[in-house]
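Secondary and tertiary structure notes
Each chain, letter by letter, is given below.
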Amino acid sequence: MSKTKQKKEKLSLRRTCSNNVFMLKLLHKASPGRIAIEIAVFAAESIVEFFSWQYLLRYVVNGIEEGKDIAALMPMVIGMCLLNIALIAVKCIWYEIYSGIFYQNAARFFQKLVYRKAAKVELACYENPDFYDKYVKALNETTSRADKVANSVSMVVYQGISLAANAALLLTIDPILLLFLIFPLFAIFFVKQSKQTDFDKYTESVVANRKCEYTRRTFYLSEYAKEMRLTGIHSVMFRRFGEAIEEAKKIIRKYGFRSAAWNYLIEIFISVFATLGATGYAVYQTLATGNMLYGDCLVVISAISILSWSIFSSADSFIAFEEHALYIENLRHFLDYEPKIKTAENHIPLKKGALELCDVSFRYDGTEKDVLKHINIKCGENEKIALVGHNGAGKSTLVKLMLRLYDATSGKITLAGEDIRRYSVEEYRESFSAVFQDFHVFSLSVSENVLLRPTQNGDEEKVRYALEKSGASERVSEMPHGTDTILTREFDKNGEVLSGGETQKLAIAHAFTKENMFVILDEPTSALDPIAEHEMYQNMMEACKNCGMIFISHRLSSAVMADRIYLLENGEVAECGTHEELMALNGKYADMFRKQAENYVETEAE
Amino acid sequence: MMNTQNNEKKIKTGAILRNNIFLLKLAWKYTPLYVTLCVLEGVLWGVNNAVDVYYTKILFDMLGRNEPFEKVIKIIIFMAAYYAVFWLFHYWYWKVQNGLEQKKLQYRIHSKLFEKARELDLACYDNPEFYNDFVWSINESDGRINKQLNDLGKLINRIVASLLVTTVLVTIHPLLAVIILAFTVIRIVLQMQKAKVDHARALDFNPLDRKTDYINRMFRLADCAKEIRLTHVSENLLSEYEKTIEEKKGVVRKYAKKRYFLSIATWIMMNVADGAVMLFLLYELLVTKSIALGDFAAGVNTVWRLSWLLRDLMDRIVKSKEHALYVDKLRTFLAYEPKLTSGDVTPEAFRSLEVRGLHFAYGEEEILSDINFKIEQGDKVAFVGYNGAGKTTLIKLLMRLYDPTSGEILYNGRNIKEYDLAAYRACIGTVFQDYKIFASTIAENVLADEYSEDKKETVLSALSKSAFSEKLATLENGVETELTREFSSEGTELSGGEAQKVAIARVFARPCDLLIMDEPSSALDPISEYNLNHSILETAEAQTVVFISHRLSTTRHADKIYMFESGKLIEQGTHEALMAKDGKYAYMFNLQAKKYAEGNHSL
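Parameters at a glance
- Residues numbered from 1 in each chain as written.
- Chains lettered and ligands numbered in written order.
- Predicted model: local features only at pLDDT ≥ 70, side-chain atom pairs only at ≥ 80, totals over all residues.
- Helix = DSSP H or I, 4+ residues; strand = E, 2+ residues; numbered from the N terminus.
- Rg over C-alpha atoms; globule rule 2.2 N^0.38 Å.
- Buried ≥ 20, exposed ≤ 12 C-beta atoms within 10 Å, placed from the backbone.
- Contact = placed C-beta atoms within 7 Å.
- Core = buried A, V, L, I, M, F, W, Y, C linked by C-beta atoms within 7 Å.
- Pairing = 2+ DSSP bridges.
- Axes fitted to C-alpha atoms, helices over the stretch in contact; angles between N-to-C directions.
- Parallel < 35°, antiparallel > 145°, perpendicular 65-115°, else oblique.
- Left-handed = near helix turned anticlockwise from the far one by under 90°.
- Nonpolar A, V, L, I, M, F, W, Y, C, P; charged D, E, K, R; others polar.
- Expected span 1.5 Å × (residues − 1).
- Domains from an automatic or database assignment.

Notes on the overall build of chain A
Summing up its helical and strand segments, chain A has 18 helices and 10 strands in all. For a compact globule of 606 residues, the expected C-alpha radius of gyration is about 25 Å, and chain A comes in at 35 Å, more than 25% above that figure. By principal-axis analysis of the C-alpha atoms, chain A measures approximately 120 × 55 × 50 Å. Relative to its full complement of 606 residues, chain A shows a buried share of 44%. Relative to all contacts within chain A whose residues are 6 or more apart in sequence, the contacts with residues 24 or more apart total 77%.

This is how it looks when you write it as structure tokens:
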């Protein structure tokens, strides 16, 4: 999703620790006990593994060399076997039962945390790719990341124990052996290099992969199907696919050899220098000088390899913490983000009155052009006003400002004479009903889609009334469960799917479910046919007798009904007045209206 | 989204084998080197495992026999040299060549998949099951095929290794191999049981995962950001989320006991096996004295290695089942024979298009019934009617994206099925309501084909006809401006109206005698719409044009208007004739005109 190029940022060691601790604390809150249990399980595994393998082998082989008989050795073998079985019984309780439950609890905690935050973040954040990237990551990865942090901690414990136990064993056999551990320590440096190379490779290939994905989509998604069959555009797409593949290959060639070299070095340092080196030394001590017991020699051979790889993997785990920290940094930014549009502490109760825009200008963050320039618009308590104008004149942005989805860059918006920033955001928005062209149908019941809030007793009547008014009741009554029918095929193959026009009717129904101070319609009828549009407007006008109404429409025929019309052009109010006044002005509106009416009006003349 | 069906069906062992072979053949056909390297790597790894074990045995034997150090160190040095060479190949292959081969295969296999996808009848897209499978099979094709090849390498590696290691084991003591085998069989049975339980659990989880994914999407996507902020719908979503988590916990609990016991049994089996082997070797060493101390140590080591290999081998076989399911879908897709078959007649210049007794149904539901009309060269025809009256479907039939259920469509008096499909479609210029802008240059979008300098005139004139020139002048790279940000972060994103103009320009860029416009002006503002309509009529003076619109002002100048209702053609004639008839059309027209008329009278 993110199209910004990632850089491998660096965090200070302190921040890395603090971030991981932050996550662990949250996880502890989300599912208490989970971290401790997992660490205990890993620790037990590490200990038992050491004893039932290295220690047992040493015990048995040295015992044989010392001439012990089978009866003396058997109790230890069987004992270790039983120890293992006990561990398994405990371990499986964790893996097969509790870890699943714990995970779900954590998911509930974390997802709700981020969703709640997400709903508060203002709309402008969606347009900021950096922030959006953080936002998406927070939503998608938080739970699994928390799991990974806990897992990394457990892994470190596991490896730490194994390291300590094996090192102690080597120490008791021959301290010189520890010298061979220099090689895996060297390898840690290579690990870092190799990770960096992989990361660079990944970062570069993101773009190439995205291109591939895009072209593939054009070949299989239904929305492209018609054009792909009817035109030659497929050859363009296929050429681009090929180019993207070549790009990906170039990246592999660029980084592949380097990555191979680092990994080769790691392998040679660990399996040849450390393991075979120590083996050679142990064999020398056993055969040439006779300083080492046979069993000890065997243990050295297996322990040194385990030890080398543990050092290598601990390095891996520590690098993982760095990676976690980067991610958590992201999450913390997201959670700490203070929404810019929020209720002021000393807010005042909502008052009824006119909505007024005074000298409002607006530009989107990070852009240099004002989308709206010095706008003055007024909508009285029960007035109907229309916003008309070309595409891109700024009508939809204006509506978003009225709903306080954005705050004006300069100038102010007032309701009943008070700056809208002085009201509570929730209360203020609650007094509006807005219907957008791109209304989204949720995979919830019809009722919930109409109410857009959890249902309560007595809602049935409201929903029925609203559907009736918006002209959707006939369609809904045909559905198998009426207003309880779940919409979309998201979860149910036989779910109800609405057509464009039906969707709009449903969206409009929402406006009929509550008392509004203002109703805002952003081209709500573009997908409706003329008759449905006509009925809808009539119902709407009736329902809005006691509230203000602001509507955007391309069809000027509906603008005629407005008390006042604002014609927007390039972000400015070019003309304003009633239909009659504007026609008399004989300016842009009149021109536009005539062009559109031309065909209809000729009929009148006949 | 689509990965939900992946393990819902059961599949037989024979089919698994066949499907895996099918995929291999496919890969072999496109990238023989890749397959060869996969197999080679597998064999080398297998041998490597055996070398490791054999080396340990020799080493322990020599230690046990107290051989001179010089002799032993030679073996160790040999191993060092061997590793140095082996790892060189290993990392070269995995870090460089494997990736390159994957890309090569991806490219070659997609040229086939894409071609096939384009042949697919549009009707297939209406069948959600087929469509899901189809999207899934293309979507997964890269990952799956590569994974399967790599898994194949590993499978070969495990088989070679298991065989070789077993041979080493037999040289130590034949009975050991028998013990290991016995335990392995028991474990396989347990593991298969576990796999079954896991599968059932995954099935229970699927719909719940889909639900949480959906809720996540609702909070993530900009589409519903407005609703989330302006209404309380987020509370509905959160309570759904809460419910789903509880259900998920229920699923975890439901299978916990079975999974617990099967897991425990499997693990214990492995432990008992290790213990039994050690005791057996101890017995042989100390009581019957039939093996040496070196054999004992090597035996323990080898058994440990073998049991790991066998466990892994089992996992891989289970996994290959997954691949097989995937291949099943891929095969269905590749084997799909388009129902729309091309004829071989080359279409001549357009004279007439006639629809006779046409019926069309999606499944049970009849969308169009008994449609009859004829369009002659030079006609300007309008299709009008309510939403869902079947107008767009009719256009799709005329374009031969579907074939009628009954009745026929005649182009120049000949059934369109007899024409070469691509050539026939190329005769008609169409813009659909749900046109798409592709991530390529403006020129390529207009031509809907490859662009070269000599086509510049065509592109420019088409864009000026669709009223895009003004916007074009503001773009630095002119017609070579890259659209969308898919390929370039500097790409231009067009607004809805602008995009529509580019889409409309497509029609003007093609020298077609017959143009079909499916509500081309719905996203345009009044002035653009006005200009566009004029422009279309002007340029298309000699051409035949079919409009679809529910704005009747757009269609009123048509030579003939066809009014559709619920899949039937209910009225037809000129605007005047239909107005005189005072039927449905007149009612609809008056309704729309009324407001304009009122507005104009107020002058």
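Things to note about the overall build of chain B
Counting its secondary structure elements, chain B contains 19 helices and 10 strands. At 35 Å, chain B has a C-alpha radius of gyration far larger than the 25 Å of a compact globule built from 603 residues. Expressed as a percentage of contacts within chain B between residues at least 6 apart in sequence, the contacts between residues at least 24 apart total 76%.

Some words on the nonpolar core
F518, I520, I550 and I565 of chain A together with F383, V446 and A505 of chain B are the most contacted members of the largest nonpolar core, which has 234 residues in total. Each residue touching I565 of chain A, except ones within four places of it in the same chain, is listed here: A386, V388, A559, C576, G577, T578, H579, L582 and Y589 of chain A. In terms of nonpolar packing, the next biggest core, distinct from the first, is built from 75 residues, C297 of chain A together with L176, I180 and L282 of chain B among them.

Let's talk about the sheet that holds strand β4 (residues 406–411) of chain B
Residues and elements named next belong to chain B. In spatial order, the strands read β2-β1-β4-β5; together these 4 strands make up an open sheet with antiparallel pairing. Bordering the open sheet on either side are β2 (365–376) and β5 (414–415), each of which pairs with just one other strand. Two strands pair when backbone bridges link them, and strand β1 (residues 352–362) and β2 are joined in this way by 8 bridges, in the antiparallel orientation. The residue of β2 that forms the bridge with A361 is E366.

Description of the packing of helix α4 (residues 129–173) of chain A against helix α8 (residues 294–336) of chain A
All names here are of chain A. Interaxial distance between α4 and α8 falls to 7 Å at its minimum, and their mutual angle equals 155°. The angle between α4 and α8 falls in the class roughly antiparallel. In the crossing of α4 with α8, the sense of the turn from one axis to the other is left-handed. Tallied by class, residues from the contact of α4 with α8 come to 21 nonpolar, 12 polar and 6 charged.

Details of the interface of chain B and chain A
Between chain B and chain A, the contact holds 130 residues from the first and 132 residues from the second. Ranked by residues supplied to the side of chain B that touches chain A, first place goes to helix α8 (residues 233–287) of chain B with 29 residues. Looking at the side of chain B that touches chain A residue by residue, the class counts come to 75 nonpolar, 28 polar and 27 charged.

Observations regarding the sheet that holds strand β10 (residues 572–577) of chain A
All names here are of chain A. The strand order β6-β7-β8-β3-β9-β10 describes an open sheet built from 6 strands, whose pairing is mixed. Since the sheet does not close on itself, it has two edges, and those belong to β6 (432–435) and β10, each with one partner. The average undirected angle you get between the axes of adjacent strands in this sheet is 15°. As paired strands, strand β7 (residues 518–522) and strand β8 (residues 548–552) are joined by 5 bridges and run parallel to one another. Bridge assignment links V519 to a residue of β8, and that residue is M549. Lying on the sheet, helix α9 (residues 395–402) is in contact with β3 (384–389), β7, β8 and β9 (564–569); it crosses β7 at an angle near 155°. In the packing of helix α14 (residues 500–511) onto the sheet, the strands contacted are β6 and β7, and the crossing angle to β6 comes to about 175°.

Observations concerning helix α7 (residues 233–289) of chain A
Every α-helix winds through 3.6 residues per turn, so residues three or four apart in the chain are directed the same way. Counted at 1.5 Å a residue, the expected span for α7 of chain A with its 57 residues is 84 Å, and the 79 Å between its end C-alpha atoms agrees. One or two positions beyond α7 of chain A, positive phi appears at G290 of chain A, with a value near 70°.

As for the domain arrangement of chain B
Residue and element names in this part refer to chain B. Annotation of chain B at the domain level lists domain 1 (1–172 + 316–339), domain 2 (174–290) and domain 3 (436–511). Inter-centroid distance (C-alpha atoms) of domain 1 to domain 2 is 24 Å. No other element matches helix α5 (residues 128–172), which puts 4 residues into the side of domain 1 that touches domain 2. Taken together, the residues that form the side of domain 1 that touches domain 2 break down as 4 nonpolar, 3 polar and 1 charged.

Describing the domain arrangement of chain A
Residue and element names in this part refer to chain A. On domain assignment, one finds that chain A holds domain 1 (8–173 + 313–337), domain 2 (355–440 + 518–605) and domain 3 (442–497). Centre-to-centre separation of domain 2 and domain 3, based on C-alpha positions: 29 Å. Taken together, the contact pairs 6 residues of domain 2 with 4 residues of domain 3. For the side of domain 2 that touches domain 3, the per-class residue count stands at 3 nonpolar, 2 polar and 1 charged.

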